Amino acid sequence: MSDNPIFDKLDQIEKRYEELTAQISSPEVLADSARYQKLARTHGDQAQIVEKYREWKQIDQGLREARQIQTESTDAEMKQMAHDEEKQLAERKATVEQDLKMLLLPKDPNDGKNVIVEIRAGTGGDEAALFAGELFRMYSRYAEAQGWRVEVLESSPSSLGGLKDITASIEGKKVYAKLKYESGVHRVQRVPATEQQGRVHTSAATVAVLPEADEIEIKIEPKDLRIDTFCSSGPGGQSVNTTYSAVRITHVPSGLVVSQQDEKSQIKNRAKAMRVLRARLYELEQQKQHDQIAAERRGQIRTGDRSEKIRTYNFPQNRVTDHRIGLTIHQLTDVMDGKLGPFVDALVGHHETERLNDELGNA
């Protein structure tokens with residue numbers, strides 16, 4: 001086992017866990033409340049992985065015994081029983097090993113957060129806007145299947161029924177954990193409805209998935225905000241109402257500007273705009289932290305790079321390809337209908353493997 005860095009690390013964790021078990025039972029630690037709580041918290045964090053590792057060692061011991069019986073026993077029935085047991089234990093061992101690998105990974109503190117999703121039409125004019133609308137529908141259908149709640153915060157429809165841009169919140173269990181790899185440029189290849197000669201055009205839309213921050217994580221000073229109100233307007237610039245219900249918030253230090261006009265109430269528009277602003281500021285802060293950690297290995301997946309082409313949707317060939325992991329699925333209609341599971345699972349699995357390799361390399 002010592003040749004495998006995973007089990008070297010597990011041995012170290014188990015040894016540390018046993019030391020902590022002894023420490024939190026000692027009179028000195030019991031007399032020091034602050035120290036006890038700190039050690040008990042660390043002990044509790046390691047308990048699950050140590051328990052799983054000990055299960056693995058029991059299975060490994062059982063496998064060795066089953067193989068030994070098959071080698072040494074002269075009883076045919078006994079050898080067959082040992083053979084059957086070996087098969088069952090090997091399957092359990094593989095499952096437990098995978099569980100251990102995942103437990104070794106440091107948790108992303110944002111994984112349990114709700115998200116703000118921003119989709120914007122890119123190159124391709126009206127066709128790009130139509131595609132942006134289809135992407136939003138795709139994510140909405142996926143969210144519905146996950147039992148998540150989608151709320152449109154701001155949208156700008158295009159003349160042909162698509163979306164120039166849309167901002168929405170998605171709330172539910174582990175939303176960011178599943179959608180964080182969707183940020184980037186999504187490219188579509190198909191024959192537009194307005195194309196007379198049947199030529200395939202390429203258009204694009206950008207997607208940004210931002211973990212939604214709360215007020216504690218991002219403190220926004222009122223003096224740093226410039227708030228303007230104006231009459232909301234619809235497609236073509238016509239007035240939707242004559243009251244100054246629309247809100248534009250400028251965060252002066254960062255230069256970020258957020259507008260909101262979907263609600264008839266200025267108070268509601270302001271609240272929505274602040275949610276978006278807080279998420280964007282949180283993303284900026286995260287990016288600064290990532291840039292400061294020069295040694296962090298980025299691999300093939302860039303979680304927040306909106307300029308990177310990440311996926312191509314080819315309608316003539318009924319094909320969707322994720323360029324980061326080389327995964328191609330010839331079920332484009334299903335994907336556009338919200339069946340994103342194969343891509344989400346593959347991306348999460350790939351990234352977890354990359355992070356595990358990094359973790360073991362830095363051990």
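Residues numbered from 1 in each chain as written. Predicted model: local features only at pLDDT ≥ 70, side-chain atom pairs only at ≥ 80, totals over all residues. Heavy atoms only, no water.

Q: How should the overall build of the chain be read in this particular structure?
A: Helix and strand content of the chain: nine helices and 11 strands. With 363 residues in all, the chain has 40% of them scored as buried. Restricting the contact set of the chain to residue pairs at least 6 apart, pairs at least 24 apart contribute 61%. Total accessible area on the chain is roughly 20200 Å²; 48% of this is exposed by carbon and sulfur atoms. (Helix = DSSP H or I, 4+ residues; strand = E, 2+ residues; numbered from the N terminus. Buried < 20%, exposed > 50% of the residue type's maximum accessible area, 1.4 Å probe, protein only. Contact = heavy atoms within 4.5 Å. Areas by Shrake-Rupley, 256 points an atom, 1.4 Å probe, with all protein chains shown as cover.)

Q: I keep staring at the pairing of strand β8 (residues 256–260) and nothing clicks. Help me out?
A: The side chains of a regular strand alternate between the sheet's two faces. Only one face of β8 is covered, namely the face carrying Leu-256, Val-258 and Gln-260; the face carrying Val-257 and Ser-259 is uncovered. Two elements, strand β7 (residues 246–251) and β8, share five bridges in a ladder whose sense is antiparallel. Paired with His-251 across the two strands is Leu-256, which belongs to β8. The antiparallel pairing of β7 with β8 creates a hairpin that spans four residues between the two strands, and Gly-255 there sits at a positive phi of about 80 degrees. (Pairing = 2+ DSSP bridges.)

Q: Before we go on, may I ask you to explain the nonpolar core in this structure?
A: A general feature of soluble globular proteins is that nonpolar side chains tend to end up buried together. Grouped together as the largest cluster of nonpolar side chains are 32 residues, with contacts concentrated most on Ile-119, Leu-135, Leu-179 and Tyr-313. Elements that contribute at least two residues to this core include exactly β1 (115–121), α5 (125–146), β3 (163–171), α6 (175–179), β5 (201–211), α8 (332–336) and α9 (341–361). For this core, the element with the highest residue contribution is α5, accounting for eight residues. Grouped together as the second largest cluster of nonpolar side chains are 19 residues, Leu-153, Val-258, Met-274 and Ala-279 included. (Core = buried A, V, L, I, M, F, W, Y, C linked by side-chain atoms within 4.5 Å.)

Q: What am I meant to see in the packing of helix α3 (residues 33–72) against helix α4 (residues 76–104) here?
A: For any two helices packed against each other, one specifies the crossing angle of their axes together with the interaxial distance. Relative to each other, α3 and α4 sit at 155 degrees, their axes nearing to 8 Å. Here α3 is positioned roughly antiparallel relative to α4, judged by the angle of their axes. Classified by chirality, the crossing of α4 by α3 is left-handed. Residue classes in the contact of α3 with α4 are distributed as 15 nonpolar, four polar and 10 charged. (Axes fitted to C-alpha atoms, helices over the stretch in contact; angles between N-to-C directions. Parallel < 35°, antiparallel > 145°, perpendicular 65-115°, else oblique. Left-handed = near helix turned anticlockwise from the far one by under 90°. Nonpolar A, V, L, I, M, F, W, Y, C, P; charged D, E, K, R; others polar.)

Q: Quick question: what am I supposed to make of the sheet that holds β3 here?
A: Adjacent strands of a sheet form backbone hydrogen bonds with each other and so pair up, either parallel or antiparallel. Taken in spatial order, the eight strands make up an open sheet running β2-β3-β1-β5-β4-β9-β10-β11, and their pairing is mixed. At either end of the open sheet lies a strand with only one pairing partner, and these are β2 (149–157) and β11 (327–329). Recorded for the sheet is a direction-independent mean angle of 15 degrees between the axes of neighbouring strands. Here strand β10 (residues 319–322) pairs with β11 via three bridges, running antiparallel. When the bridges of β11 are listed, Thr-321 appears paired with Thr-328.

Treat this as a map of the structure, not an account of what it does.
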